[in-house]
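Fold and geometry: a report
Read off the chains here:
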Amino acid sequence: MPLMRMLNRLSGYVHWKQGLECLGARSQHTAAHSSSCNYQLLPDCLELKYGGLVMHFDYVWLRDHCRSASCYNSKTNQRNLDTASIDLNIRPSKSRVDEHNLFLTWPDGHVTRYNLTWLAQNSYEGQKKSAMQPRILWNADIYSSAEVPAASWDKFMSCDEELKNFLNNFLLYGIAFVEGVPPTLEATETATQRVSLIRETMYGRMWNFTSDFSRGDTAYTKLALDRHTDTSYFQEPCGIQVFHCLRHEGTGGRTLLVDGFHAADTVLQRTPENFELLSHVPIKHEYVENLIEHRNHMIGIGPVLNVYPWNNEVYMIRYNNYDRSVINTVPHDVVRRWYLAHRQLSTELRRPENELWVKLKPGKVLFIDNWRVLHGRESFTGLRQLCGCYLTRDDVLNTARSLGLRA
């Protein structure tokens with residue numbers, strides 16, 4: 001290499017290095033990279049570019065999420081580090097990166113190793129791009145075309161793989177069936193306990209009812225029921241509902257199912273401002289029962305759509321026009337816009353193409369995600385006897401995760 005070119009290149013390197021040092025003095029940041037990632041220590045956070053994401057991590061967050069043996073018990077998966085003891089102005093004194101990990105040395109000499117993939121998965125930016133739970137939004141044609149198989153009672157009760165397939169379908173669509181179940185309350189209870197714990201409510205543990213109006217609820221009649229979610233008047237509505245038609249000596253009575261998340265997503269795509277209202281304005285639902293044997297007064301408060309704020313993913317819809325109480329939680333200059341938004345959601349929920357009609361029969365048990373899928377029924381004649389229960393949602397998801405499913 002000619003001497004002059006070498007001197008010029010060396011001079012350029014010196015000027016570049018001096019400039020970087022000056023920049024570091026002004027903004028107090030350090031830049032580094034490997035072949036797979038780049039990062040820099042900014043005054044208030046660490047910026048990491050990895051896996052197609054540009055992520056930002058607060059230094060307190062990084063110290064709090066150290067997974068070293070002294071800070072985290074890997075056997076119990078619990079934090080040992082006292083978060084309240086971390087200096088809120090902490091920042092690392094040293095840093096380096098290799099192909100798979102970021103290493104930070106803290107002022108007291110403690111070294112934390114972070115797996116880069118773990119950081120990407122647990123970053124705010126990563127969470128914004130991913131769903132908490134896998135799902136397939138559906139209308140009647142989409143669900144029918146998928147030909148989702150029902151679980152077989154015998155295999156369901158004895159084979160974990162059959163249970164896993166059942167739960168996978170339930171997570172994807174919000175509904176799932178078990179066929180071949182003996183048409184008794186006892187067998188229905190056994191099937192539900194294979195999935196989760198039964199949630200006892202004011203309706204009891206397992207309920208077995210006909211249209212005798214024994215409770216102060218339209219469900220205990222022969223009338224048609226519009227699409228709705230149950231227990232909207234609970235502060236935490238029941239997560240899963242189970243239905244088993246033990247017998248029906250008459251006509252009608254088909255069950256209506258509608259994917260509430262599909263309807264909500266349509267509102268989000270077409271009118272984001274309406275989605276925003278439905279996911280932020282709190283509404284009261286109320287259940288008042290004044291019978292000789294049953295006296296109850298339940299009030300649940302929450303928006304129609306419950307969403308994760310970082311990605312607008314809906315995790316619960318609370319929709320029940322029968323039980324919606326007086327709207328006194330919305331100022332007058334908002335309430336009309338709320339009605340318009342509610343009307344749009346109702347229109348989507350009532351589109352015929354979104355209605356899946358199912359005839360329940362003895363032996364066929366239906367599991368419904370009550371936080372997602374609305375149900376109803378057409379009117380009927382004759383004696384129709386149903387049994388069922390509510391399940392605790394956390395325990396359903398726990399069963400799914402224990403079988404290796406993402407839930």
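First things first, this report covers the structure right here in the doc.

What counts and how
- Residues numbered from 1 in each chain as written.
- Predicted model: local features only at pLDDT ≥ 70, side-chain atom pairs only at ≥ 80, totals over all residues.
- Heavy atoms only, no water.
- Helix = DSSP H or I, 4+ residues; strand = E, 2+ residues; numbered from the N terminus.
- Buried < 20%, exposed > 50% of the residue type's maximum accessible area, 1.4 Å probe, protein only.
- Contact = heavy atoms within 4.5 Å.
- Areas by Shrake-Rupley, 256 points an atom, 1.4 Å probe, with all protein chains shown as cover.
- Pairing = 2+ DSSP bridges.
- Axes fitted to C-alpha atoms, helices over the stretch in contact; angles between N-to-C directions.
- Core = buried A, V, L, I, M, F, W, Y, C linked by side-chain atoms within 4.5 Å.
- Disulfide = S-S within 2.5 Å.
- 1 Å grid on protein atoms, 1.4 Å probe; cavity = no way out; pocket = protein on both sides within 12 Å on 5 of 7 lines; lining within 4 Å.
- Points joined across faces, edges and corners; volume = space filled by probe spheres on them.
- Nonpolar A, V, L, I, M, F, W, Y, C, P; charged D, E, K, R; others polar.

1. Quick word on the overall build of the chain
Secondary structure assignment for the chain yields twelve helices and 24 strands. Looking at the chain residue by residue over its 407 residues, the buried ones come to 48%. Sequence-distant contacts, at least 24 apart, represent 72% of the contacts inside the chain between residues at least 6 apart. As displayed, the chain has an accessible area near 20,700 Å², and 51% of this comes from carbon and sulfur atoms.

2. A word on the side chain of T229
Residue placement: T229 occurs in the loop between β14 (225–228) and β15 (240–249). What T229 contacts, discounting residues up to four positions off in sequence, is I317, R318, Y319, N320, N370, V373 and L374.

3. Here we look at the sheet that holds β14
Taken together, the four strands give an open sheet; going across it, the order is β14-β23-β16-β21, and neighbouring strands pair in antiparallel fashion. Each edge of the open sheet is held by one strand with a lone partner, namely β14 and β21 (356–358). This sheet shows a mean twist of 20° between the axes of neighbouring strands, independent of strand direction. With three bridges connecting them, strand β16 (residues 255–259) and β21 associate as antiparallel partners. Each residue of the ladder has a partner; that of L256, found in β21, is W357. Sheet strands touched by helix α9 (residues 260–270): β16 and β23 (373–377). Its angle to β16, the strand with the most contacts, is close to 40°.

4. Things to note about the nonpolar core
Core analysis: the largest hydrophobic core is formed by 31 residues, its most contacted members being F156, F166, L167, V178, V195, F367 and L391. Breaking this core down by element, the ones donating at least two residues are α6 (153–158), α7 (160–173), β11 (175–179), α8 (185–193), β15, β22 (364–369), β24 (383–391) and α12 (393–402). Of all the elements, α7 adds the most residues to this core, at five residues. If we ignore the near neighbours within four places in the chain, the residues touching L167 are V195, V396, T399, A400, L403 and L405.

5. Quick look at the state of the cysteines
Counted under the stated rule, the structure contains zero disulfides. Looking at C245, it has no disulfide partner, and the nearest cysteine sulfur is the one in C387, 9.1 Å off. Sulfur of C387: no disulfide; nearest cysteine sulfur belongs to C389 and is 8.1 Å away. Given the relative accessible area of 0%, C387 is considered buried.

6. A look at the layout of surface pockets
For the second largest pocket, the calculated volume is near 230 Å³. Q133, Y315, W371, R393 and L397 are, among the 21 residues lining the second largest pocket, the residues nearest its centre. Put simply, the parts of the chain that give the lining of the second largest pocket at least two residues each are α7, β20 (313–317) and α12. A class-by-class count of the residues in the lining of the second largest pocket yields twelve nonpolar, one polar and eight charged.

All quantities given are derived from atomic positions and should not be read as evidence of function.
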